[in-house]
Amino acid sequence: GGSPYGHPVSGTAESLTRITVADITKMHSRYYRPDNAILVIGGDMSAKDGFALATRHFGDWQKPTTPLPDLTPAKESTASQASRVVVIDKPDAGQAAVFLARTGINRKDTDYFRGIVSNSVLSGYSGRLNQEIRIKRGLSYGAGSALDARRDVGPFVASAQTKNESGAIVADLLLSEIGRLSSAPPADVELTPRKAVLIGTFSRNLETVSGLVNQVASLALHGLSFDEINRYINNVQAITSADIQKFAGTRLDAKTSNIIIVGDAKKFLPELQKKFPNVEVIPVAELDLNTGLLRKKKEAAD
C-alpha cells in the first residue's frame, strides 16, 4: 500500500534517476552519525585493545546537535484492506512468476520462534512447498518461502517460477499449502528435521569470527539481549506442532494474503478467474512500481 514498504527498497528506474548528490549528502548527514551506529569488533584482542582501536578510528566522530530523526516507519492501517490478486500481463514472458505476499512479524515479536520454525516447514528442498510443487508435481524447479523479521514488521513471501500455463495452479498450491499448515500441522517425523535445518544453519554461522560478529550485530540492532545466542537452540527445539498450527492460522492466514503473478496472462487468467473473480489485470506497459496502486495514472482528457 502507501506505507514505506509499498515501494521497492532497491528503487525504481524513475526514483533512481531522480536522486541527486544533494539527496545523498542530506541522507548521510541525517542518519550516518555516532548516536545511530553500533560498532561490533570480534577477534583475538582484549576489550582494552578493542576500545583503543575504536577510539583511534572513530574518537573524533561528533554527534550532531540536531536530534536523530524518528526511524519508526509510518504506519498504515491494514485492518480494512482486502487481499489483492494482481496479474501483470507480460505477453513475452517465457514463464510465470507466482508470489504470495503478506505482512509478517518483527524481530521482537513473541511469535518469532514459532514463525521461523513454521517457515522452515514450508521452505527448503524438503519443505512442503517444494515437495508439493516441484517434487510431487514437477511444476517448478523450486518453490519456497521467507519470513523477513525486521525491526518493524517485515514481509512473508512464498514463491515459485512455473510454466505460464500452470500459473493459476501454482497460485492455488501456494495458498493451499500455507492453509494446510494450520489444518494439518507437522508431526514429529516432519518437524524434527525442519528444526535441525534451522539449528544447523545457526550453528555453522557461529563457527567463524565474522559469523559471530554478524549474530551479535543483529541482536544489537534489534535491541535484543546478547544471551539470545545461548537460548536460540532451546527456543527452536521448544516449538511444538500446536505452536505451528496456531501461528499459521493467526499470522499466515492464506485468505488474507495477496497473490501476484507476472506472466503471459492469456495462458492462465481464465483458470485464475474461476477461483478469484476480483483479479486485477495490469498490462506491463501500464505498470508503475512507484505507487501502491501499481498502475500508471491515466492522462486527463484535453
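The coordinates are above.
Notes on the structure follow. (Residues numbered from 1 in each chain as written. Predicted model: local features only at pLDDT ≥ 70, side-chain atom pairs only at ≥ 80, totals over all residues. Heavy atoms only, no water.)

Describing the overall build of the protein chain
For step 1, the next point in the chain: Secondary structure assignment for the protein chain yields eleven helices and six strands.
For step 2, the next point in the chain: Contacts in the protein chain between residues far apart in sequence, at least 24 positions, make up 77% of those at least 6 positions apart.
For step 3, the next point in the chain: Carbon and sulfur atoms make up 56% of the accessible area of the protein chain, which amounts to about 18,000 Å² in all.
For step 4, the next point in the chain: Across the protein chain, 37 positive and 32 negative side-chain charges occur, with their mean positions spaced 2 Å apart. (Helix = DSSP H or I, 4+ residues; strand = E, 2+ residues; numbered from the N terminus. Contact = heavy atoms within 4.5 Å. Areas by Shrake-Rupley, 256 points an atom, 1.4 Å probe, with all protein chains shown as cover. Lys, Arg positive; Asp, Glu negative; His and termini not counted. Charge placed at Lys NZ, Arg CZ, Asp CG, Glu CD.)

Focus: the packing of helix α4 (residues 112-122) against helix α9 (residues 228-237)
For step 1, the next point in the chain: Between α4 and α9, the least distance of the axes is 10 Å, while the angle of their chain directions is 55°. What the angle tells us is that α4 and α9 run oblique. Crossing hand, α4 versus α9: right-handed. Facing α4, whose interface residues are F113, I116 and V117, α9 presents E228, Y232, N235 and V236.
For step 2, the next point in the chain: Among the residues making up the contact of α4 with α9, the classes are represented as five nonpolar, one polar and one charged. (Axes fitted to C-alpha atoms, helices over the stretch in contact; angles between N-to-C directions. Parallel < 35°, antiparallel > 145°, perpendicular 65-115°, else oblique. Left-handed = near helix turned anticlockwise from the far one by under 90°. Nonpolar A, V, L, I, M, F, W, Y, C, P; charged D, E, K, R; others polar.)

Structural notes on the sheet that holds strand β5 (residues 258-263)
For step 1, the next point in the chain: The six strands are arranged β3-β4-β2-β5-β1-β6 in an open sheet whose pairing can be described as mixed. Whereas interior strands pair on both sides, the edge strands pair on one side only; in this sheet they are β3 (143-147) and β6 (280-283). Taking the axes of each pair of neighbouring strands and ignoring which way they run, one obtains an average angle of 15° across the sheet.
For step 2, the next point in the chain: Inspection of the sheet shows strand β1 (residues 85-89) paired to β5 by five bridges, in the parallel sense. Bridging across to β5, I88 finds its partner in V262.
For step 3, the next point in the chain: Running over the sheet, α4 touches β3 and β4 (155-162) and is turned about 170° from β3.
For step 4, the next point in the chain: Here helix α5 (residues 128-136) sits on the sheet in contact with β3 and β4, set at roughly 160° to β3. (Pairing = 2+ DSSP bridges.)

So, a nonpolar patch on the surface
For step 1, the next point in the chain: A cluster of nonpolar side chains, contributed by M27, Y32, L39, I41, M45, F58 and W61, occupies part of the molecular surface with about 700 Å² of accessible area.
For step 2, the next point in the chain: Considering the arrangement of structural elements, one finds M45 in the loop between α2 (21-31) and α3 (47-58). (Patch = residues over 30% accessible without salt bridge, like charges linked within 9 Å, V, L, I, M, F, W, Y side chains within 5 Å. Salt bridge = Lys/Arg side-chain N within 4 Å of Asp/Glu carboxyl O.)

Some thoughts on helix α7 (residues 188-205)
Each α-helix turn comprises 3.6 residues. Residues three or four places apart therefore point the same way.
For step 1, the next point in the chain: Compared with an ideal rise of 1.5 Å per residue, which puts 18 residues at 26 Å, α7 spans 26 Å between its outermost C-alpha atoms and is within 8% of the ideal.
For step 2, the next point in the chain: Burial in α7 covers these residues: L191, R194, K195, L198, I199 and F202. Along α7, the residues classed as buried sweep out an arc of 135° about the axis, all on the same side. Opposite the buried face of α7, at more than 90 degrees from it, the exposed residues are V189 and R204.
For step 3, the next point in the chain: For α7, the secondary structure elements touched by its buried residues are α4, α8 (209-221), α9 and α10 (241-251). (Expected span 1.5 Å × (residues − 1). Buried < 20%, exposed > 50% of the residue type's maximum accessible area, 1.4 Å probe, protein only. Arc of directions from axis to C-beta.)

Some details on the packing of α4 against α7
For step 1, the next point in the chain: Close contact between α4 and α7 brings their axes to 9 Å; oriented N to C, the two are set at 110°. Taken together, the axes of α4 and α7 are roughly perpendicular relative to one another. Pair α4 / α7 crosses with right-handed handedness. Residues I116, V117, S120 and V121 of α4 touch α7, and the partners they reach there are E190, L191, R194, K195, V197 and L198.

Considering the pairing of β3
For step 1, the next point in the chain: Buried residues dominate β3, accounting for four of its five residues.
For step 2, the next point in the chain: Relative to β4, β3 runs antiparallel, the two sharing five bridges. By the bridge assignment, S145 is partnered in β4 with A158.

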